[in-house]
Amino acid sequence: MKVTLAISALLSISGIKAAPAPQVGLPPLGGVLPPTPIVPVGQVLTAPLDVPFNPPALKPKKLIYTWTGADDRTHKDFIATFSADDDTFGTLIAVTTVPTSGNEPHHIGVSGDGNHLVGGGLLALLKAQDTAYYFDITNKYRPQFSKSNRAVLGSITDEVAAKPDGGFFITYMGSAGGTSPGRLIETNANFDIIAEHPQDLSQIGTLYENFNPHGLAIDFARNTILTSDYIVPLSSLKPTTGVVFDNTVRVWDLDTRSIVNTIEIPNGGGIQDVRFIPNHPRGYAIATAVKLGQVWLIDPHTNNASGNRGTARLLYDLGADYAGKFAIYSTVSKDGKFLYLSVTDANRIVVLDISDVDAVKRVDDPTKPQPVVGPHYLKLTPDGKNLIVTDYFVREGELGVINTGADYKLWYIDVNPTTGAISFNRTIDFAQKFAFIGGARPHSSAYYDSTYTGP
């Protein structure tokens, strides 16, 4: 029986060329850098506290792995493993800690073979700690922390994409100091950093100061990478004159790991996410323009008026109620028919029927309130029957100005794969589950289903 682990999108595993020669990086030092850390006013450095837990013998058929930070930022960050079976849903199976705390756990990724996880630390640089944490999940019920590392030139870890031959691509939204330019980090199958792209910053052009990749999508079959620029990370931390939002999507050639064009979305106000539409005959992608409250259609294979690869046009305007927000994240159904969007500070999960990109239809009823509070990271299960959503984006506290609402719940939402409609059902309340350490912040999740035999 084929065992499948849910990943954000199915990627073709055809023809990827050899990776660049390894790049010398900073050696692992137990997760902590030797130099004096960047410590904003109010950040206190303390030894990380353990997260005690006695795991049960339960072995459910379905599991949810959630990359989580303690609400007090002093207990160790951890992967929480839960049962997703109907009869034991929400039972905590394992807690796997890393050696550090206060990293602000962000996005999670699953390796191509389904045996490893990586979790990024969005604000790890504030305590001079490693920015990527790797876990062995060969034993699905007892994940083990295996290693951590960080880049030389980049920090502020965001989106993750698995390489078919092992390893990951990871967007690092900021420079080593949290400004610009950020980098697209590449690891090998041992999860060592082998390159920080682009190697030639002239590829970024005159907009180099706003190269802050957050979103990441890869079409291996068409030799194309897309990244989207969101914000200058340091501009969200105090003291600040205001958050600096970006407006660009970058088109990359996968073989050479080079940027071949920059697409500007006018006044986009943060292009947080970019995602290929699975099985689309022309290889289209979508991108979310946060401040506009819009979704744009990206065609990375058609030349623009200047003869460069990549064009963009408005796909759908969510309306005034969704403009001026901080976060719009996305996932797409395997068949490419339905787009699911989390609009964090609108407390909304939007469902769009994009089966015809020239006649997009809204599936959810915008007049009916939803029970989510601050939803952000969302992923469909492999069978498309459930949508996993975490009600937490970022709360920088006194350190910064991004403090979106959240109730720290994970939602396991029922989905009708035929219509795309969603109905709210089960939750896991991290504030309650982890009350013994003062609560926890679940940012992102991966899924395992031993019964699934599909693609």
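Higher on the page you've got the structure.
This is a predicted model, so every value here is computed, not measured.

Peer 1: Got a minute to help me understand the overall build of the chain in this structure?
Peer 2: From N to C terminus, the chain includes 1 helix and 29 strands. Counting over 455 residues, the chain shows a buried share of 59%. Contacts in the chain between residues at least 24 apart in sequence constitute 58% of all its contacts with a sequence separation of at least 6.

Peer 1: Explanation requested: the pattern of salt bridges in the structure shown.
Peer 2: Where side chains of opposite charge bring their charged atoms close, a pairing between them can arise. Under the defined criterion, the tally for this structure stands at 17 salt bridges. Linking R426 and D86 is a salt bridge whose minimum nitrogen-to-oxygen distance equals 2.9 Å. Of this pair, R426 sits in strand β28 (residues 422-429) while D86 is found in the loop between β3 (76-83) and β4 (92-101), placing the two residues 340 residues apart along the sequence. D364 is the partner of R362 in a salt bridge, and the nearest nitrogen-oxygen pair spans 2.9 Å. Each member of the pair R362 and D364 is classed as buried. Members of the salt-bridge network, linked through shared partners, are D71, R73, E104 and R441.

Peer 1: What is the right way to look at the sheet that holds strand β21 (residues 328-332) in this model?
Peer 2: The pairing of strands in a sheet happens through backbone hydrogen bonds and is either parallel or antiparallel. Across the sheet, 4 strands lie side by side as β21-β22-β23-β24; this open sheet has antiparallel pairing. For this open sheet the edge positions go to β21 and β24 (361-362), each flanked by a neighbour on one side alone.

Peer 1: Help me out: how do you make sense of the side chain of K140 in this one?
Peer 2: Locating K140 in the fold gives a position in the loop between β7 (132-136) and β8 (144-149). Here K140 sits buried without a salt bridge, and the closest side chain of opposite charge, D136, lies 7.1 Å off (N-O distance). Polar side-chain contacts of K140 include one of 3.1 Å to the backbone oxygen of I137. Discounting chain neighbours no more than four positions away, the residues touching K140 are L63, Y65, T81, G114, N115 and Y448.

Peer 1: When you look at the sheet that holds strand β10 (residues 168-175) in this model, what are you seeing that I'm missing?
Peer 2: If you walk across this open sheet you meet the 4 strands as β9-β10-β11-β12, and the pairing is antiparallel. Each edge of the open sheet carries a strand with a single partner, namely β9 (154-162) and β12 (193-197). Direction aside, neighbouring strands of the sheet carry axes that sit 25° apart on average. Where β9 lies against β10, 6 bridges are found, and the strand directions are antiparallel. Among the inter-strand pairings, T157 is bridged to a residue of β10, identified as Y172.

Peer 1: Which parts of the structure should I look at to understand the nonpolar core?
Peer 2: Generally speaking, nonpolar side chains in soluble globular proteins are found buried as a group. By size, the foremost hydrophobic cluster in this structure holds 37 residues, and its most contacted members are Y230, L315, L318, L339, L341, L352 and I354. Of all the elements in the fold, those that place two or more residues in this core are β19 (294-303), β20 (309-317), β21, β22 (338-343) and β23 (348-353). The element best represented in this core is β22, accounting for 3 residues. Core analysis: the next-biggest nonpolar cluster, separate from the first, contains 30 residues, V351, V389, W411 and Y448 among them.

Peer 1: Explain the pairing of β20 here, please?
Peer 2: Here β19 pairs with β20 via 7 bridges, running antiparallel. Counterpart to D299 in the pairing with β20 is T311. Counted along the chain from β19 to the antiparallel partner β20, the turn is 5 residues long, and its residue G307 has a positive phi close to 85°.

Peer 1: It is not clear to me how the side chain of T81 should be interpreted in this structure. Could you clarify?
Peer 2: The topology assignment puts T81 in strand β3. Its relative accessible area of 0% is what places T81 among the buried residues. Filtering out sequence-adjacent residues up to four positions away, T81 remains in contact with L63, I64, Y65, T91, L92, I93, A94, K140 and P143.

Peer 1: Before we go on, may I ask you to explain the packing of aromatic side chains in this structure?
Peer 2: When we look at a pair of aromatic rings, we describe it by the centre distance and by the angle of the planes. For the structure shown, the criterion picks out 19 aromatic pairs. When the ring of F211 is compared with that of W252, the centres are 6.4 Å apart and the planes differ by 45°; the resulting orientation is tilted. Separated by 41 residues along the polypeptide, F211 in the loop between β12 and β13 (213-219) and W252 in strand β15 (residues 248-253) bring together distant segments of the chain. Look at F211 and you get buried, because its relative accessible area is 0%. Centre to centre, the rings of W411 and F424 are 5.6 Å apart; their planes meet at 85°, and the pair counts as edge-to-face. Of the two residues, W411 is situated in strand β27 (residues 409-415) and F424 in strand β28; the sequence distance between them amounts to 13 residues. Of the aromatic side chains, those joined through ring pairs into one cluster are F78, F82, F430, F434 and F436. Just above the ring of F169 sits the side chain of K163; from NZ or CZ to the centre is 5.7 Å. It is R275 that lies over the ring of Y329; its NZ or CZ is 5.2 Å from the centre.

Parameters at a glance
In this convention, every chain numbers its residues from 1, walking through the sequence in written order. Owing to the predicted nature of the model, reporting of local features is limited to residues with pLDDT of at least 70; listing and counting of side-chain atom pairs is limited to 80 or more, with chain, interface and lining totals taken over all residues. Water and hydrogen atoms were dropped before computing side-chain values, which therefore reflect all heavy atoms in the structure. Put simply, DSSP marks the helices as runs of H or I at least four residues long and the strands as runs of E at least two long, and each gets a number from the N terminus on. A simple rule labels every residue: compare its accessible area, found with a 1.4 Å probe on the protein chains alone, to the largest value its type can have, and call it buried under 20%, exposed over 50%, or partly exposed in between. The criterion used for residue contact is that any of the two residues' heavy atoms lie within 4.5 Å. Salt bridge, as applied in this entry: a Lys or Arg side-chain nitrogen positioned within 4 Å of an Asp or Glu carboxyl oxygen. Here the rule is simple: two strands pair whenever DSSP picks up at least two bridges between them. Counting rule for charge: Lys and Arg are taken as positive, Asp and Glu as negative, and neither His nor the chain ends is counted. For this analysis, a polar contact is any N or O atom pair within 3.5 Å, provided that within protein one partner can donate a hydrogen and the other can accept it, and provided that sequence-adjacent residues contribute only side-chain to side-chain pairs. Here the axes come from fitting lines to C-alpha atoms, over the contacting stretch only for helices, and the angles between their N-to-C directions go from 0 to 180 degrees. By nonpolar core is meant a set of buried Ala, Val, Leu, Ile, Met, Phe, Trp, Tyr and Cys residues that side-chain atoms within 4.5 Å join together. Between 30 and 60 degrees the pair is tilted, below 30 it is stacked and above 60 it is edge-to-face, where a pair is any two Phe, Tyr or Trp rings, Trp via its six-membered ring, whose centres lie within 6.5 Å. As a reminder, the over-ring test applies to NZ of lysine and CZ of arginine, requiring each to be within 6 Å of the ring centre and within 35 degrees of the ring normal.

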